[in-house]
Amino acid sequence: MGGAGFLLGLFSAKSSNHFSRLPRPAYNDAMEQASPILVGTAGWSYKDWDGVFYPPGMLRRKRHPLELVARCFDAVEINSSFYGHIKPELAKLWARIANDVNPKFIFTAKLHRSFTHSPLSAMEPTSAASIRPNDEDERLAREGLEALAATGKFGALLIQFPVSFKNTSLNREYLETLLRQFIEYPRAVEVRHSTWNNPETLAYFAERNVSFCNIDQPQLGRSLEPTSHVTSAIGYVRLHGRNYDQWFEADNAADRYNYLYKSSELTLWKDRIEEIAQKAKVTFVVTNNHFEAKAGVNALQLKHMLTGRRVLAPEPLLERYPELKTIADPVSEDRWGTNLSLLA
């Protein structure tokens, strides 16, 4: 069954009639490619991307960042939804902007942190006992996700837990409840503690059509090592960088993601991604090392490695990271699409 067919089957078999009528995501275009692998960054709105990924002062010229992102990539993971619920009107706007310049473009979205992190996560470990979402969180989360799904541009809901969320009976019970709570969406679960990396967990995810998120992160303590698991029709990969020195000690949270992968490191992940894609119907590859747009650099390098073709890159990024010029051509401003006001 193809990716779109899988999602429609999930909607109609295990959710309300309303969701069974949602437009199917634009996976058909992706499935026509030789390799159904969609590469993109985690988020697109970062202050330190101005003049690095985006032309200086682009926002003042009322160009929406997604116009450029959708020119360079076929997917993006909505990062802001972790910190604040998606506003339905913005979900529709984002989908329209991206579709205007790249009809194949697909969004994934992170579930709001109230469902996955302790409110005091900086002071106490996250567990089922410390996570405290409320009815308002669920209502607002659903409003934004439903609006995005209705555009046909929603590929997966990422449920991301911190490394302190270990594989315990209480946490498994909470995860079961959460997966049922959002069962109408294609779900990918990111767990970072190595206790989850076992046959029982993989079988559990597979039985529920839930994707196991394969991650790259600094190997500290019991951190999950790189994997290539596929437990649903959706393959999911996230690269966080390997900034060992500042992963837990950074003064500024953004400094954790100050890491540029070497080509040799990306080559190892290319092999894993291709292994995942052989088993999945569609695979999302997300770079989260967003410091000074390094996620953009590595996403473009991976896209080139996986397709064997030259890629398009923003001109400022080519100037900041000239090594990209061997694989990328510049996106000129006249190719961005229509001039749209910035509402996000």
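Just so we're clear, the structure is a prediction, and the values are computed from it rather than from any experiment.

**Student:** What should I look at first to understand the overall build of the chain in this one?
**Tutor:** Check the secondary structure of the chain and you find 11 helices and 10 strands. Taking all 344 residues of the chain together, the buried fraction comes to 57%. Within the chain, contacts between residues at least 6 apart in sequence are counted, and of these 73% link residues at least 24 apart. About 14400 Å² of surface is accessible on the chain, with carbon and sulfur atoms providing 50% of the total.

**Student:** For this particular structure, what's the right way to read the sheet that holds strand 3 (residues 106–110)?
**Tutor:** What holds strands together in a sheet is hydrogen bonding between their backbones, with the strands either parallel or antiparallel. Here eight strands make up an open sheet; going across it, the order is 1-8-7-6-5-4-3-2 and the pairing parallel. The open sheet is flanked by strand 1 (37–41) and strand 2 (75–78), the only strands paired with a single partner. Direction aside, neighbouring strands of the sheet carry axes that sit 25 degrees apart on average. Two elements, strand 4 (residues 154–160) and strand 5 (residues 187–190), share four bridges in a ladder whose sense is parallel. The partner of leucine 158 across the bridge, within strand 5, is alanine 188. Sheet strands touched by helix 6 (residues 135–150): strand 2, strand 3 and strand 4. Its angle to strand 4, the strand with the most contacts, is close to 150 degrees.

**Student:** Sorry if this is basic, but what is going on with empty space enclosed by the protein here?
**Tutor:** Per the counting criterion, the structure on display carries two cavities of 30 Å³ or more. Of the volumes computed, that of the largest cavity is approximately 60 Å³. Taken together, Ser81, His85, Ile86, Lys110, Leu111, His112, Ala141, Gly144 and Leu145 make up the full set of residues lining the largest cavity. A total of three residues in the lining of the largest cavity trace back to one element, the largest contributor, which is helix 6. Along the lines of polarity and charge, the residues of the lining of the largest cavity split into four nonpolar, four polar and one charged.

Conventions we followed
- Residues numbered from 1 in each chain as written.
- Predicted model: local features only at pLDDT ≥ 70, side-chain atom pairs only at ≥ 80, totals over all residues.
- Heavy atoms only, no water.
- Helix = DSSP H or I, 4+ residues; strand = E, 2+ residues; numbered from the N terminus.
- Buried < 20%, exposed > 50% of the residue type's maximum accessible area, 1.4 Å probe, protein only.
- Contact = heavy atoms within 4.5 Å.
- Areas by Shrake-Rupley, 256 points an atom, 1.4 Å probe, with all protein chains shown as cover.
- Pairing = 2+ DSSP bridges.
- Axes fitted to C-alpha atoms, helices over the stretch in contact; angles between N-to-C directions.
- 1 Å grid on protein atoms, 1.4 Å probe; cavity = no way out; pocket = protein on both sides within 12 Å on 5 of 7 lines; lining within 4 Å.
- Points joined across faces, edges and corners; volume = space filled by probe spheres on them.
- Nonpolar A, V, L, I, M, F, W, Y, C, P; charged D, E, K, R; others polar.

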